[in-house]
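One-letter residues, chain by chain:
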Amino acid sequence: MTETPHRTDVAIVGAGPVGLFAVFECGMLQLSCQVVDALDAVGGQCAALYPEKPIYDIPGYPRVQAAELVERLFEQAEPFAPRYHLGQRVERLEACRFDEEAGAPDGWRLTTSKGVVIEARAVIVAAGVGAFGPNRPPLTGIEAYEGRGAGRGVHYFIARPEAFRGKRIVLAGGGDSALDWSIILAELAAELYVVHRREKFRGAPESVARLHALAEAGRLELVVPYQLDSLQGRDGSLEAVVVRDLDGRRRTLEADVLLPFFGLSMNLGPIAEWGLELDRHLIPVEPTTCATSRPGLYAIGDIATYPNKLKLILCGFSEAALAAHAVRRRLHPDEELHWEYSTTKGVPGG
Ligand code: FAD
């Protein structure tokens, strides 16, 4: 259903690390932001693909867990009160008249997959490798258990691990995300079954070692080689997950929650339809402003490309600053920006 448009200075497509930092940079220049992400939680690849992994090349942090970096970036953006629209893709992007007096389109209208409409004076596309979507296991009736609220039913992403404290959890998958989340949830769950169709896990060797150590310590049970067979429950309330081995023998695991981690499908999706010049699924930008081929539209982070581009978080942070300043100059061409360091200026409530 289409609702009344939300209006903002800047709409940011993507709440990955780079999109989150763009909120901060825009905020420092008194630009309001609304952020849309296809995922249910902020953090992009860091949160969805490798939350437990340490990152070693963020300036000032000799080592920081990806999930912690996301928490810090979220906290850093908070003083500027951004509005997040999560769990929805930006489907359409079209030029619009933001200021009613404007003779020609001077802004952008974004429409999401949930019908939310945002009108913005500028757009920063921080869409990484495109919109993520979970690979769903082919279980009959699984939709009935999706979207049932934190700590219940079927979840493909975890925003707040605390919501799973004291729950009986079946976690399925054998890659890095499955391993990372098993290690985190072993501390919180009442019972944790880790289901994988092979004896061997595919993740980082140290994570595999930690998983086996947790199993030996009785913090979780490895249910291998088994695969998901069916779900049992009533009125959308999950009661058990049935698994089967290679010979078809079934086992019923009583559970409140099923967490399938079968990877993510990624594609540029609707971005390819926005009339932007593209270079092999990336958006070419002018490297000193991150401006794209369309006025008022900027691209930063993994999705932006220019000669010698490095797909690193720290480069994305710099691009966020460059884009925010370019947006500010575009929206206030007659105002001389009095340059101030953050140390001089501070942040609201800081
Ligand atoms: P992303 O993190 O990809 O976030 C983009 C967001 O945009 C996603 O959440 C997506 O859902 C959303 N989105 C896309 N299209 C739409 C749409 N149409 N509507 C709504 N939302 C949309 N980098 C480093 O600097 N150091 C490292 O050590 C490092 N290690 C890594 C390890 C692994 C295993 C991986 C996979 C990557 C690693 N990286 C590392 C790369 C780093 O994660 C990326 O450079 C970074 O995530 C890019 O950030 P981003 O915000 O540009 O994009």
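Shown above is the structure to which this text applies.
Here's what I pulled together on the structure shown here. (Residues numbered from 1 in each chain as written. Predicted model: local features only at pLDDT ≥ 70, side-chain atom pairs only at ≥ 80, totals over all residues. Heavy atoms only, no water.)

## Let's talk about the site of the ligand
Next up, step 1: Around the ligand, 32 residues are found, and the nearest of them are Asp37, Tyr50, Val90, Asp302 and Ile313.
Next up, step 2: In the environment of the ligand, a nitrogen atom lies 3.1 Å from a nitrogen or oxygen atom belonging to the backbone of Ala38.
Next up, step 3: At 2.8 Å from an oxygen atom of the ligand is found a side-chain nitrogen or oxygen belonging to Asp302.
Next up, step 4: Out of a free accessible area of 1,000 Å², the ligand has 86% covered by protein chains.
Next up, step 5: A majority-of-atoms criterion places the ligand in the second largest pocket. (Near = heavy atom within 4 Å. Polar contact = N/O pair within 3.5 Å; in protein donor to acceptor, adjacent residues only side chain to side chain. Areas by Shrake-Rupley, 256 points an atom, 1.4 Å probe, with all protein chains shown as cover. 1 Å grid on protein atoms, 1.4 Å probe; cavity = no way out; pocket = protein on both sides within 12 Å on 5 of 7 lines; lining within 4 Å. Sits in = over half its atoms within 2 Å of the grid points.)

## Side note on the packing of helix H1 (residues 17-28) against helix H6 (residues 313-331)
Next up, step 1: Closest axis-to-axis distance for the H1/H6 pair is 8 Å, and the angle between their directions is 35 degrees. Along this stretch, H1 crosses H6, giving a crossing that reads as right-handed. Across the interface between the two elements, Pro17, Val18, Phe21, Ala22, Glu25 and Cys26 from H1 touch Ile313, Gly316, Phe317, Ala320, Ala321 and Ala324 from H6.
Next up, step 2: In the contact of H1 with H6, the residues fall into 10 nonpolar, 1 polar and 1 charged. (Axes fitted to C-alpha atoms, helices over the stretch in contact; angles between N-to-C directions. Helix = DSSP H or I, 4+ residues; strand = E, 2+ residues; numbered from the N terminus. Left-handed = near helix turned anticlockwise from the far one by under 90°. Contact = heavy atoms within 4.5 Å. Nonpolar A, V, L, I, M, F, W, Y, C, P; charged D, E, K, R; others polar.)

## Let's talk about the packing of H1 against helix H3 (residues 66-77)
Next up, step 1: H3 packs onto H1 with a crossing angle of 25 degrees between their chain directions and a minimal axis gap of 8 Å. Taken together, H1 and H3 sit at an angle that is classed as roughly parallel. Crossing of H1 over H3 shows left-handed handedness. Residues Pro17, Leu20, Phe21, Val23 and Phe24 of H1 form the contact with H3, whose own contacting residues are Val70, Leu73, Phe74, Gln76 and Ala77. (Parallel < 35°, antiparallel > 145°, perpendicular 65-115°, else oblique.)

## Some remarks on a nonpolar patch on the surface
Next up, step 1: A contiguous nonpolar patch, built from Leu310, Leu312 and Leu314 and spanning about 230 Å² of accessible area, is present on the exposed surface.
Next up, step 2: Inspection of the secondary structure puts Leu310 in the loop between strand E21 (304-305) and H6.
Next up, step 3: On the accessibility criterion, Leu310 (47% relative accessible area) is partly exposed. (Patch = residues over 30% accessible without salt bridge, like charges linked within 9 Å, V, L, I, M, F, W, Y side chains within 5 Å. Salt bridge = Lys/Arg side-chain N within 4 Å of Asp/Glu carboxyl O. Buried < 20%, exposed > 50% of the residue type's maximum accessible area, 1.4 Å probe, protein only.)

## Re the sheet that holds strand E15 (residues 237-245)
Next up, step 1: With respect to topology, 3 strands assemble into an open sheet ordered E14-E15-E16, the strand pairing being antiparallel. The open sheet is flanked by strand E14 (226-234) and strand E16 (250-254), the only strands paired with a single partner. This sheet shows a mean twist of 25 degrees between the axes of neighbouring strands, independent of strand direction. (Pairing = 2+ DSSP bridges.)

## Things to note about the layout of surface pockets
Next up, step 1: As a volume, the largest pocket reaches approximately 590 Å³.
Next up, step 2: Forming the walls of the largest pocket are 26 residues, and the residues nearest its centre are Ala38, Asp40, Gly87, Tyr156 and Phe157.
Next up, step 3: Those elements that provide at least two residues to the lining of the largest pocket are strand E9 (131-134) and strand E18 (264-267).
Next up, step 4: Counting residues per element, the lining of the largest pocket draws most heavily on E9, which supplies 4 residues.
Next up, step 5: Approximately 510 Å³ is the volume attributed to the second largest pocket.
Next up, step 6: Contributing to the lining of the second largest pocket are 38 residues, with Gln45, Ala126, Ala127, Gly128 and Val129 lying nearest its centre.
Next up, step 7: Counting only elements with at least two residues in the lining of the second largest pocket, the list comes to H1, strand E2 (33-37), helix H2 (44-49), E9 and H6. (Points joined across faces, edges and corners; volume = space filled by probe spheres on them.)

## Observations regarding the pattern of salt bridges
Next up, step 1: Per the stated rule, a full pass over the model turns up 21 salt bridges.
Next up, step 2: Across the salt bridge formed by Glu91 and Arg89, the nearest N and O atoms sit 3.1 Å from each other.
Next up, step 3: Looking at Glu91, the relative accessible area reads 30%, which means it is partly exposed.
Next up, step 4: Relative accessible area serves as the criterion here: at 27%, Arg89 is assigned to the partly exposed category.
Next up, step 5: Asp229 is the salt-bridge partner of Arg244, the closest N and O atoms lying 2.9 Å from each other. You can see Arg244 sitting in strand E15 and its partner Asp229 sitting in strand E14, a full 15 residues away along the chain.
Next up, step 6: Sharing partners across several salt bridges, the network here consists of Arg7, Arg109 and Glu119.

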